[in-house]
Amino acid sequence: MKENQKTYLGFRPIFIKRFLRGSAKSLPVLGPLLKEITFGVLDDESAKAESEKIHNKLDEILKGQDYQEVDFAEILLALHIQTDVNETISKRLKEIEQSLRDDSDSPFPEYFGKALDKVIAGNEKIRADIQKLSDDHKQQSVEHKQQIDLLNEILAKIAIDEKTKLAIEKIFLNILHKEDIPQWQWPEKLQEITKHHQELLAKLQTIESGDPAVDTLRDKARRIIELGDYDNADQLLRKAVDIDRKAIKSQQERLDNRKLSMSQSLASRADLAETKLDYKKAIDLYKEALDILPQNQQAIQAVYMNNLAFLHHTVANYNEAEPLMKQALAIDEARLGKDHPKVAIRLNNLALLYQATNRLAKAEPLFKRALAIDEASFGKDHPNVATRLNNLAILYQATNRMAEAEPLKKRALAIWEKSLGENHPQVATALNNLAMLYYATNRFSEAEPMFKQALAIDETSFGKDHPNVAIRLNNLAALYQATNRLSEAEPMLKRALAIWEKSLGENHPQVATALNNLAGLYQDTNRLAEAEPMYKQALAIYEASLGKDHPDVARDLNNLAQLYQATNRLAEAEPLMKRVVEILLQFTRRTGHPHPHLEDAVKNYTGLLRQMGYSKDEVDARLNRLAPEMFKSK
């Protein structure tokens, strides 16, 4: 219970205890304590002046200059004015008097009794205040005794030892001092407190940290918890927490460094696996590298996500690739800002995925945004800008917007020629890309010199047996085929095949592309017996490298099926054509977007079935069984 009366001085209990328990020799601490406690808390000017007067008199007494009763009276007045709810002023003064009388060396006892009498007898207000405090104290004592009796009665019914009983009593009294708990709730609360108290002690008894300093602090905390001193126990446990927190931080830093090292090694293993065309292993390794990578390595996380996404892209796991690319983009946008060149790279890669899944309308704004970022970051004539121009041009070409694609490809070529020199391999790529546009628009006379120039640059740059040279040979051969110069095309295709087999290995997808192209030339020249094993070999390479449901596998299945169809082996062609449609339907279901060749595949399969003698209704029924959501029986 707190007093509501206004007070001049407010002695804190801790200082009162120091004063009461000391002898007269300890009295020199009283002056500084009074000054510390009173000044700064008094808001009454006269009270402050009176307090200053008391301090001055006290200084004189402590120096031994004045032992007049009035001095003691004023000191006792100062002591009287403070109010503590646990003890009355009169009791406190009597304790002081007794303390002084017990000290034979004290000069004060002979004056103290008179001073006390003068203080109490000479001021009616003081006497009334003391009487009121005394009455309040008696009432509080009665209430306190009643509380103790009730607590003891309740605790007697709980099976605990005397030590625990005293601790619980102390804890509960402290709680009652802060919270008003109805007495009808005491039994339940005491049971709850006792249960938690015992569980806490048991827990502290069993846990060990391995750190002697922490274990010592916890052991000390446990011992004083047994006495009910929760506040000091909390301070000890807080120190233990601080020690552990510092240790954890230090160990976490070492652990994160080791995790980073392991993640980087896993990523290197993934790159090795990708080089060996073991895409499944590479995917698994990059997943593990991401899992072990510390969360604070966001820059590396974005790179790993990007690389894993490209692996998924390679094997047509587009649904797995897309969220990874989006996450990598989001990380770099948050980390670097939306206009950073690395963000342009992420935008470009996501756009390529949209393009691969026939979502050209979604790809275009990303390509444009990437282009704008690089133009703003590097200037309009930077090689990075040329790359963005080239990719956007390819999208325009894919959407048959040749008039928009051509100036972009020309601008990319001009940038690379100016910045890298006319004989740089990147210039060869730009020449090849522009030539492909001319090829697609039947401007063969403009395309041919560019294909030849690109071939010459790469032969000079890399040597005549480099894989890039094989790409140039393959494209120039395609132009020769388109212009019915098959005898010129054949040696180029054979040379490209030999280069890829030697440099990449006989089971590389690029070798399958060369076999497929050469087989197509043999089919065009009616050498079907030579074409067939090449188609089959190309198909086997793609199935082994990319999986049996990859869209590129569908392309090779279609080529082989058409060869069977051309040789009137319709029963052999039918399951292959059916697989083509199934693969492209799977692509459409996985991505939610129709494959660009699905319509042609359905037409090819329909034509084959009709050639085999199936009626229109039978054909429709077969298509309906393949994809009832897309085809309806009529």
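Higher on the page you've got the structure.
These numbers come from a predicted model, not from an experiment.

Reading the values: rules and limits
Residues numbered from 1 in each chain as written. Predicted model: local features only at pLDDT ≥ 70, side-chain atom pairs only at ≥ 80, totals over all residues. Heavy atoms only, no water. Helix = DSSP H or I, 4+ residues; strand = E, 2+ residues; numbered from the N terminus. Buried < 20%, exposed > 50% of the residue type's maximum accessible area, 1.4 Å probe, protein only. Contact = heavy atoms within 4.5 Å. Areas by Shrake-Rupley, 256 points an atom, 1.4 Å probe, with all protein chains shown as cover. Phe/Tyr/Trp six-rings, centres within 6.5 Å; stacked < 30°, edge-to-face > 60°. Lys NZ or Arg CZ within 6 Å of the ring centre and 35° of its normal. Axes fitted to C-alpha atoms, helices over the stretch in contact; angles between N-to-C directions. Parallel < 35°, antiparallel > 145°, perpendicular 65-115°, else oblique. Left-handed = near helix turned anticlockwise from the far one by under 90°. Nonpolar A, V, L, I, M, F, W, Y, C, P; charged D, E, K, R; others polar. Expected span 1.5 Å × (residues − 1).

Draft legend 1. How the structure looks around the overall build of the protein. A tally of helices and strands in the protein yields 28 helices and zero strands. Taking all 634 residues of the protein together, the buried fraction comes to 43%. Once local pairs closer than 6 in sequence are excluded, the contacts in the protein between residues at least 24 apart make up 57%. For the protein, the accessible area works out to roughly 33200 Å², and carbon and sulfur atoms hold 51% of it.

Draft legend 2. Region of the structure containing the packing of aromatic side chains. Scanning all chains against the criterion turns up four aromatic pairs. With a centroid separation of 5.7 Å and an interplanar angle of 70 degrees, the aromatic rings of Tyr439 and Phe444 are classed as edge-to-face. Overall, the relative accessible area of 21% leaves Phe444 in the partly exposed class. For the cation-ring pair, Arg622 lies above Tyr614, with the distance from its terminal atom to the ring centre recorded as 4.3 Å.

Draft legend 3. Looking closely at the packing of helix H23 (residues 509–524) against helix H25 (residues 551–566). Where H23 contacts H25, the two axes come as close as 11 Å, and the packing angle between them is 20 degrees. The angle between the axes of H23 and H25 places the two elements in the roughly parallel class. You can see that H23 and H25 cross each other, and the crossing is left-handed. Mapping the contact onto sequence places Thr513, Asn516 and Gln523 in H23 and Arg555, Asp556, Asn559, Gln562, Leu563 and Ala566 in H25. Of the residues that constitute the contact of H23 with H25, the class distribution is two nonpolar, five polar and two charged.

Draft legend 4. Main features of unusual backbone geometry. Of note, the phi angle at Asn442 is positive, near 60 degrees, even though the residue is not glycine. Overall, Asn442 belongs to the exposed group, its relative accessible area being 57%. A positive phi angle, close to 65 degrees, is found at Asn526, a residue other than glycine. Positionally, Asn526 belongs in the loop between H23 and helix H24 (528–546). The class for Asn526 is exposed, based on a relative accessible area of 60%.

Draft legend 5. Focus on the environment of Asp458. Among the structural elements, Asp458 can be located in helix H20 (residues 444–462). Assessed through its relative accessible area of 0%, Asp458 is described here as buried. A C-alpha to C-alpha distance of 8.2 Å links Asp458 and His424, two positions 34 residues apart in sequence. Residue contacts for Asp458: discarding those within four places in its chain leaves Pro425, Ala428, Gly463, Asn468, Val469 and Arg472.

Draft legend 6. Highlighting the packing of helix H19 (residues 425–440) against H20. Packing of H19 against H20 leaves a shortest axis separation of 8 Å and a crossing angle of 160 degrees. Considering their axes alone, H19 and H20 lie roughly antiparallel with respect to each other. Considering only the axes of H19 and H20, their crossing is left-handed. Touching Pro425, Val427, Ala428, Leu431, Asn432, Leu434, Ala435, Met436, Tyr438 and Tyr439 of H19 are Phe444, Glu446, Ala447, Met450, Phe451, Gln453, Ala454, Ile457, Asp458, Ser461 and Phe462, all from H20. The residue inventory of the contact of H19 with H20, partitioned by class, reads 16 nonpolar, three polar and two charged.

Draft legend 7. The arrangement of helix H15 (residues 341–356) in detail. Spanning 16 residues, H15 covers 23 Å between terminal C-alpha atoms, matching the ideal 22 Å at 1.5 Å per step. For H15, every residue scored as buried is listed here: Val343, Ala344, Arg346, Leu347, Asn348, Asn349, Leu350, Ala351, Leu353, Tyr354 and Gln355. Along its buried surface, H15 packs onto helix H13 (298–314), helix H14 (318–336), helix H16 (360–378) and helix H17 (383–398). Once H15 ends, the next one or two residues include Asn358, with phi positive near 65 degrees.

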